[in-house]
Amino acid sequence: KDFPQDTSICTFYVGGVPETVSQQDLLDHFYAHGEVRSIRKLEQKKCAFVTFATRQAAEQAATAHAETGLEVKGARLKLMWGKAV
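A brief report on the enclosed structure follows. All values reported here derive from a predicted model rather than from experimental measurement.

### Some details on the pairing of strand 2 (residues 36–42)
No. 1: In the sheet, strand 2 pairs with strand 3 (residues 47–52) via six bridges, with the strands oriented antiparallel. Considered in strand 3, the bridge of Arg40 is made with Phe49.

### Regarding helix 1 (residues 23–30)
No. 1: Asp25, Leu26 and Phe30 are the residues of helix 1 that are buried. Looking down the long axis of helix 1, one finds its buried residues gathered within 120° of arc, a one-sided arrangement.
No. 2: The inward-facing, buried residues of helix 1 abut strand 1 (11–15), strand 2, strand 3, helix 2 (55–68), strand 4 (70–72) and strand 5 (75–81).

### Remarks on the environment of Arg76
No. 1: Looking at the element boundaries, Arg76 is found in strand 5.
No. 2: For Arg76 and Val17, which are 59 residues apart along the polypeptide, the C-alpha to C-alpha distance reads 8.3 Å.
No. 3: Sequence-distant contacts of Arg76, defined by excluding residues within four places in its chain, comprise Gly16, Thr68, Gly69, Leu70 and Glu71.
No. 4: In terms of polar contacts, Arg76 uses its side chain to reach the backbone carbonyl oxygen of Thr68, at 3.2 Å.

### Re unusual backbone geometry
A negative phi angle characterises most non-glycine residues, just as the trans form characterises most peptide bonds.
No. 1: One non-glycine residue, Lys46, lies in positive phi territory at about 55°.
No. 2: You can see Lys46 is positioned in the loop between strand 2 and strand 3.
No. 3: Although it is not a glycine, Lys73 sits at a positive phi angle of roughly 50°.
No. 4: Assessed through its relative accessible area of 57%, Lys73 is described here as exposed.

### Description of the packing of aromatic side chains
For any pair of aromatic rings, geometry is given as the distance between the ring centres together with the angle between the planes.
No. 1: The final tally for this structure, using the stated rule, is five aromatic pairs.
No. 2: Here Phe3 and Trp81 contribute two aromatic rings whose centre-to-centre distance is 5.7 Å and whose plane-to-plane angle is 70°, an arrangement assigned as edge-to-face. In this pair, Phe3 is assigned in the segment before strand 1 and Trp81 in strand 5, connecting sequence segments 78 residues apart.
No. 3: Here Phe12 and Trp81 contribute two aromatic rings whose centre-to-centre distance is 4.6 Å and whose plane-to-plane angle is 40°, an arrangement assigned as tilted. Highlighted residues: Phe12 in strand 1 and Trp81 in strand 5, separated in sequence by 69 residues. Across the pair, exposure class does not vary: Phe12 and Trp81 are buried alike.
No. 4: Cluster of aromatic residues (ring-pair linked, three or more members): Phe3, Phe12, Phe30, Phe52 and Trp81.
No. 5: Over the face of the ring belonging to Trp81 we find Arg55, whose NZ or CZ atom lies 4.8 Å from the ring centre.

Parameters and conventions
- Residues numbered from 1 in each chain as written.
- Predicted model: local features only at pLDDT ≥ 70, side-chain atom pairs only at ≥ 80, totals over all residues.
- Heavy atoms only, no water.
- Pairing = 2+ DSSP bridges.
- Helix = DSSP H or I, 4+ residues; strand = E, 2+ residues; numbered from the N terminus.
- Buried < 20%, exposed > 50% of the residue type's maximum accessible area, 1.4 Å probe, protein only.
- Arc of directions from axis to C-beta.
- Contact = heavy atoms within 4.5 Å.
- Polar contact = N/O pair within 3.5 Å; in protein donor to acceptor, adjacent residues only side chain to side chain.
- Phe/Tyr/Trp six-rings, centres within 6.5 Å; stacked < 30°, edge-to-face > 60°.
- Lys NZ or Arg CZ within 6 Å of the ring centre and 35° of its normal.

Structure follows, in structure tokens:
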């Protein structure tokens, strides 16, 4: 598991998000791992930033997708840890 050392990081970059995947679709998918603080979808860049309320929830999401990758509504998406702000 490749978790960032900075434990304040609870955000993921989600890449390759098509127009057919809404912010609500992302929320529905990630909420299974814990409380989601915010989701910001950038249509022009085809990406989103998903921030969990806790690091534990973020790690659960990362672990869940480490083996199988991330698929939402049939779209294969790229999932990477965000950077510290």
